[in-house]
Amino acid sequence: MKKEIIISGFGGQGVLSMGKILAYSGLMEDKEVTWMPAYGPEQRGGTANVTVIVSDDPISSPILSSYDVAIVLNQPSLDKFQPKIKEGGILIYDGFGIINPPTRKDIKVYRIDAMDKAAEMKNSKVFNMIVLGGLLEVCPVISHDGVEKALYKTLPERHHGLIPLNMQALKEGAGIIQLQA
């Protein structure tokens, strides 16, 4: 198994940390991983993306021109990465940030209303974990246990009290992702 994933959106949406958690979770499950962030000088408010590869076998290069999975959280990201998804691949988008929905018919397109769910949970900071939960529902590259182990390993101890909320957000994301016709 090897999945080449791009996550893209505005800085401040948790794009880079979502990628980092995904990559670290792969490490916790003894998988080969790469994590390659890219962002403009603005960071918060500018566009940011991260490429993550999770594989059972060694990874030859972290640089990709096409992807198995794209998670896009704003219109510029959709416009840029929709054409770069491999035929038969997966596109996940948050309905809040997209004006013109995806148009490709040769890929599976999923909508996740993570921004709405984060507001319902009264915590905008779990937005990225809701999206990650949706990803793991449709493309289980790692387990929820791997994510939990990664959170305990990467978060400062003073934030460990937030891990149950993050794990709940993961479950919520798995429950709200929808395949688009």
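Above: the structure in question.
The notes below deal with the structure included here. Remember, it's a predicted structure, so these values are computed and weren't measured experimentally.

**Thoughts on the nonpolar core**
So, point 1. In this structure, Leu22, Ile71, Leu132 and Val147 are the most contacted members of the largest nonpolar core, which totals 38 residues.
So, point 2. Looking at this core, the element that brings in the most residues is helix α4 (residues 127-138), giving seven residues.
So, point 3. Aside from chain neighbours lying at most four places away, what touches Leu132 is Met18, Ile21, Leu22 and Leu170.

**Notes on the pattern of salt bridges**
Where side chains of opposite charge bring their charged atoms close, a pairing between them can arise.
So, point 1. This structure, assessed with the given rule, holds eight salt bridges.
So, point 2. The shortest N-O distance in the salt bridge between Lys86 and Asp68 comes to 3.3 Å. Of this pair, Lys86 sits in strand β5 (residues 85-94) while Asp68 sits in strand β4 (residues 67-72), placing them 18 residues apart in sequence.
So, point 3. We classify Lys86 as partly exposed; its relative accessible area is 27%.
So, point 4. Residues joined in a network through salt bridges with shared partners are Lys2, Glu4, Asp68 and Lys86.

**Overview of helix α1 (residues 15-28)**
So, point 1. Here α1 contains 14 residues, and its C-alpha end-to-end distance of 20 Å stays within 8% of the 20 Å for a straight helix at 1.5 Å per residue.
So, point 2. Among the residues making up α1, those that are buried are Val15, Met18, Gly19, Ile21, Leu22, Ala23, Ser25 and Gly26.
So, point 3. The inward-facing, buried residues of α1 abut β1 (2-10), β2 (32-39), β3 (47-55), β4, α4 and α5 (144-154).

**What to know about the packing of α1 against α4**
When two helices pack together, their arrangement is given by the angle between the helix axes and the distance between those axes.
So, point 1. Contact geometry for α1 and α4: axes closest at 9 Å, N-to-C directions at 45°. In terms of axis orientation, α1 runs oblique to α4. Seen from above, α1 lies across α4 with right-handed handedness. Contacts from Ser17, Met18, Ile21 and Leu22 in α1 reach Asn128, Met129, Val131, Leu132 and Leu135 in α4.
So, point 2. For the contact of α1 with α4, a count of residues per class yields seven nonpolar, two polar and no charged.

Thresholds, definitions, all that
All chains use their own residue numbering, which begins from 1 and follows the written sequence. Residues qualify for local features only when their pLDDT is at least 70, as the model is predicted, and side-chain atom pairs are given and counted only at 80 or more; totals for whole chains, interfaces and linings, by contrast, use all residues. The basis for every side-chain value is the complete set of non-hydrogen atoms in the structure, without hydrogens or water. We define a nonpolar core as any set of buried Ala, Val, Leu, Ile, Met, Phe, Trp, Tyr and Cys residues linked to one another through side-chain atoms lying within 4.5 Å. Residue burial is assigned from relative accessible area. The probe radius is 1.4 Å, only protein chains are included, and a residue is buried under 20% of its type maximum, exposed over 50%, and partly exposed in between. For helices the rule is a DSSP run of H or I covering at least 4 residues; for strands it is a run of E covering at least 2, with both sets numbered from the N terminus onward. Here a residue-residue contact requires only that any non-hydrogen atoms of the pair lie within 4.5 Å. Any carboxyl oxygen of Asp or Glu that lies within 4 Å of a side-chain nitrogen of Lys or Arg is treated as forming a salt bridge with it. How far a helix is expected to stretch is found by multiplying one less than its residue total by 1.5 Å. Note on method: axes are straight lines fitted to C-alpha atoms, helices fitted across the in-contact stretch only, with angles between N-to-C directions ranging 0 to 180 degrees. Under this scheme an angle from 65 to 115 degrees is roughly perpendicular, one under 35 degrees roughly parallel, and one over 145 degrees roughly antiparallel; angles in between are oblique. Take the far helix as the reference: if the near one is turned anticlockwise from it by less than a right angle, the crossing is left-handed, and if turned clockwise, right-handed. Only Asp, Glu, Lys and Arg are considered charged, only Ala, Val, Leu, Ile, Met, Phe, Trp, Tyr, Cys and Pro nonpolar, and every remaining residue, Gly among them, polar.

Everything listed here is a matter of geometry and, on its own, says nothing about what the molecule does.
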